[in-house]
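Given next are the chains, with one letter for each unit.
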Amino acid sequence: MKSSFNKSSQLSQQVYHTLGKYLQRDPKDLHPEDSLRDDLGLDSLQTIELVYEVESAFDLQIPDEDFGRLTTIGAVILYLDERLHGQGSTLSGHQATPLAKNSRPTPLVKKTKSRPTSKKSRT
Amino acid sequence: MTARVVITGLGIVSPIGVGVPTFWKSALHGKTGITAISSFGDFPMESYRSRVGGQVSDFRLPDPSEDKFSSRVDRYAQFALAATREAIQDSGLDLEKESAERMGVMAGVGMGGMMMGERELTTLYQSRKPHRVHPNFIPTITLNSASVILALAFGAKGPNLTISTACSSSIHSIGQAMQAIRLNQADVVIASGADASITPLVFAGFCSLRALSTKYNDHPDQASRPFDRGRDGFVMGEGAGTLILESLRHATRRKARIYAELAGYAATNEAYHMVIPREDGSDIARTVSLALKDAGVSPSQVDYVNAHATSTVVGDDVEVKGLRAVFGKRLNTIMVNATKSLIGHTLGAAGAIGTIVSALSIQTGTIHPTVNYDDPDPHCALPGLSTKVQKKSVRVGLVNAFGFGSNNAVLVLKKFS
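Scanning chain A from N- to C-terminus turns up three helices and two strands. Starting at the N terminus, the α and β elements of chain A follow one another as α-α-α-β-β. A buried classification covers 29% of the 123 residues belonging to chain A. Taking as baseline every contact in chain A between residues at least 6 positions apart, the subset at least 24 positions apart corresponds to 65%.

Within chain B one finds twelve helices and 15 strands. Relative to the 2.2 N^0.38 estimate, which gives 22 Å for 417 residues, the radius of gyration of chain B is 20 Å and therefore close to what a compact globule would have. Expressed as lengths along the three principal axes of its C-alpha atoms, the size of chain B is roughly 60 × 55 × 40 Å. In chain B, which comprises 417 residues, the proportion classed as buried is 56%. Here the analysis covers contacts within chain B between residues at least 6 apart in sequence; of these, 81% occur between residues at least 24 apart.

Facing eight residues of chain A, the contacting portion of chain B comprises six residues. For the side of chain A that touches chain B, a count of residues per class yields three nonpolar, three polar and two charged.

This next bit is on the confidence of the model for chain A. Per-residue pLDDT for chain A averages 74, and the proportion of residues at 70 or more is 64%. Across residues 1-5 of chain A, where pLDDT falls below 50, the model places ten contacts with residues more than four positions away in sequence or in other chains.

Because each turn of an α-helix spans 3.6 residues, side chains separated by three or four positions in sequence point in the same direction. With 15 residues, helix H12 (residues 350-364) of chain B extends 21 Å from end C-alpha to end C-alpha; this agrees with the ideal 21 Å at 1.5 Å per step. Downstream of H12 of chain B by a residue or two, Gly365 of chain B has a phi angle that is positive, lying close to 65°.

With 130 residues, the main nonpolar core has Ala80, Leu150, Val189 and Leu245 of chain B as its most contacted residues. Element by element, the count of residues in this core is highest for helix H2 (residues 75-91) of chain B, at nine residues. When near neighbours in sequence (up to four residues on either side) are disregarded, Leu245 of chain B contacts Val5, Ile7, Ala177, Met178, Ile181, Val189, Ala191 and Leu262 of chain B. Counting residues in hydrophobic clusters, the runner-up holds 17 residues, among them Phe67, Leu70, Val76 and Tyr79 of chain A.

So, on to unusual backbone geometry. Residue and element names in this part refer to chain B. Notably, Ala271 is not glycine yet its phi reads approximately 45°, a positive angle. Of the residues examined, Ala271 has 9 C-beta atoms within 10 Å and is grouped as exposed. With a phi close to 40°, Ala309 is a non-glycine residue in the positive phi region. Looking at the element boundaries, Ala309 is found in the loop between strand E10 (304-306) and helix H10 (313-327).

Turning next to the environment of Asn332 of chain B. Residues and elements named next belong to chain B. Here Asn332 shows up in the loop between H10 and strand E11 (335-337). When the C-alpha positions of Asn332 and Pro383 are compared, they lie 5.1 Å apart, and in sequence the two are 51 residues distant. Not counting chain neighbours up to four residues away, the residues in contact with Asn332 comprise Pro383 and Gly384.

A separate point is the pairing of strand E15 (residues 407-414) of chain B. Residue and element names in this part refer to chain B. Burial of E15 is extensive: eight of the eight residues sit out of reach of the surface. Of the two faces of E15, the one holding Asn407, Ala409, Leu411 and Leu413 and the one holding Asn408, Val410, Val412 and Lys414 are both buried throughout. Strand direction decides the pairing type here: strand E9 (residues 260-269) and E15, joined by eight bridges, are antiparallel. If you follow Gly264 over to E15, its bridge partner there is Val412. Both strand E14 (residues 396-403) and E15 contribute to a ladder of eight bridges, which runs antiparallel. Paired with Leu398 across the two strands is Val412, which belongs to E15. Linking two consecutive strands that pair antiparallel, namely E14 and E15, is a turn of three residues; a positive phi of about 85° is found at Gly405 within it.

What follows is about helix H3 (residues 114-127) of chain B. All names here are of chain B. Helix length check: H3 (14 residues) gives 19 Å between terminal C-alpha atoms against 20 Å at 1.5 Å per residue, within 8%. Among all positions of H3, only Met114, Met115 and Met116 are buried. Backbone geometry just downstream of H3 places Arg128 in the positive-phi region, at approximately 60°.

With that settled, consider the environment of Asn372 of chain B. Residue and element names in this part refer to chain B. Along the chain, Asn372 turns up in the loop between strand E12 (366-367) and strand E13 (390-391). On the basis of neighbour counts, which here come to 25 C-beta atoms within 10 Å, the residue Asn372 falls in the buried class. Setting aside residues no more than four positions away along its own chain, Asn372 makes contact with Gln222, Ser224, Arg225, Asp228 and Ser341.

With that settled, consider the packing of helix H9 (residues 282-295) of chain B against H10 of chain B. All names here are of chain B. Running from N to C, H9 and H10 point in directions that differ by 50°, and their axes come no closer than 7 Å. In terms of orientation, H9 and H10 fall into the oblique class. Considering the relative orientation of H9 and H10, their crossing is right-handed. Between H9 and H10, the contacting residues are Ser282, Ile284, Ala285, Val288 and Ser289 on the first element and Val318, Glu319, Gly322, Leu323, Ala325 and Val326 on the second. Of the residues belonging to the contact of H9 with H10, the class tally is seven nonpolar, three polar and one charged.

Cut-offs used in this document
- Each chain carries its own residue numbering, running from 1 in the direction its sequence is written.
- All chains are assigned letters beginning at A, and all ligands numbers beginning at 1, according to the order in which they are written.
- Local features in a predicted model are, by the rule used here, given only for residues with pLDDT of at least 70; side-chain atom pairs are given and counted only at 80 or more, and totals for whole chains, interfaces and linings are based on all residues.
- Strands are runs of DSSP state E lasting at least two residues, helices are runs of H or I lasting at least four, and both sets are numbered from the N terminus onward.
- Burial in this document is a count-based property: other C-beta atoms within 10 Å of a residue's C-beta are tallied, and the residue is buried at 20 or more, exposed at 12 or fewer, or partly exposed in between, with C-beta positions derived from the backbone.
- We call two residues in contact whenever the C-beta atoms placed from their backbones are within 7 Å.
- The globule rule used here is 2.2 Å times the number of residues to the 0.38 power, and the radius of gyration it is set against is calculated over C-alpha atoms.
- Under the scheme applied here, ten amino acids are nonpolar (Ala, Val, Leu, Ile, Met, Phe, Trp, Tyr, Cys and Pro), four are charged (Asp, Glu, Lys and Arg), and all others, including Gly, are polar.
- Confidence per residue, as judged by the predictor, is encoded in pLDDT with a range of 0 to 100.
- Take the number of residues in a helix, subtract one, and multiply by 1.5 Å to get its expected span.
- To define a nonpolar core, we join buried Ala, Val, Leu, Ile, Met, Phe, Trp, Tyr and Cys residues through C-beta atoms within 7 Å and take the resulting set.
- The criterion for strand pairing is that DSSP finds at least two bridges linking the strands in question.
- Think of each axis as a best-fit line through the C-alpha atoms, taken over the contacting stretch in the case of a helix, with angles from 0 to 180 degrees between the N-to-C directions.
- When describing relative orientation, an angle under 35 degrees is termed roughly parallel and one over 145 degrees roughly antiparallel, while 65 to 115 degrees is termed roughly perpendicular and anything else oblique.
- Handedness of a crossing follows from how the near helix is turned relative to the far one, being left-handed for an anticlockwise turn of less than a right angle and right-handed for a clockwise one.

Set out below in structure tokens:
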């Protein structure tokens, strides 16, 4: 069963709205565990477009070196929470734990072989 | 011996209809697609000298579940996708059975993805934030985005070229498609032309060039009037046309319906001026003669011309001078029509749409009327041009296109036998 992790926070709602608009999907059908690549089917260019939408929605710039952290919807929310509210911020009572420790920046063309953070670790 | 090339499928997106049946019905009724341009978003239209255009009003994007490509490209390439989908369906090609490596794409594009181009330019200049430029900007405005998206959508892995020679682009794309088949580089080629650049900047540019009609802003349906004494410039249009070309052998093997044979092609440059044609029409005459020679037909065999006829004062006059140099008095008996009188000048799509019209005219023996030919200009008199439908067998037809930069291109179509 999919978790409703963080969906109630204002930040989360804004992220789900942005993602839903880009993906042309009902935000209710999106879940924090969803991998941008494996579950949402985004290729590298589409991931870049999604990040662009997030940058525009939150009026910030996401550096290339942070791309590798943005593997799941939950990871995007936690990343934005860190950026907007600083390290150690909490979301709906959840500690903003470091994301995808071993992740690497996603190549622009070739699909990375690195796996997204385990869904189990998010529940 | 080089392969004979035939036309087996047609598809169109135009200001007088999306889809060949609607377009052809409108054309035969002399329906005009020229209307007032209401606005460019927040732009005040009244500040433009010309305020009329041939816009495609009934184009609907296909459902993403049926077409995942359209949402990724600019409007002109969306038109090309729609026209090509229709053309392939019309041809009866079963893409599952075709060799992908033997299927090519040749696309003619004049302006390309200017809608997104202008939007992103505005975003950058207003925001002063480079990261606000959309990631899909470069893939979208790269001029070959249409030919690439057609290859992706229809699995064509053969030769893939984009040809940009302004208003003659898609005569060249069709001509080069024919050459690829003649050279045995492909069995089937998707030959397309598309443009959708009725945008604030492009429209302003053509206004500044004093190339557009300005006298008929209150009567848009009268603005495009090729060969008429009252003409005062062209009317911008938008659209796409796609033809499926095949080697005769390939078409015969699969028992395809053949609209016409594509028999000749010529491409020249006048080396004269960026926007003005050589006044005596001699290079146009040379191009027509070369195309006829390529087709192996003599001027006496030609009975139809789909004229370039943009409705500019100089251009129409020069075209007739060129035709008269080739055909002499016989030009008076050749049927001529000007498709741009109905839809305006669709730039990169114009040649493809003219070729589609010619193929349909050969197949049906019907020539669509030219509208607004109310007061024939004696300097470019064409007795074979009519404001009414003409019914007469067409055995050999010409399609003309002449682009900025002195680019001339002519195709010769023959009734298939």
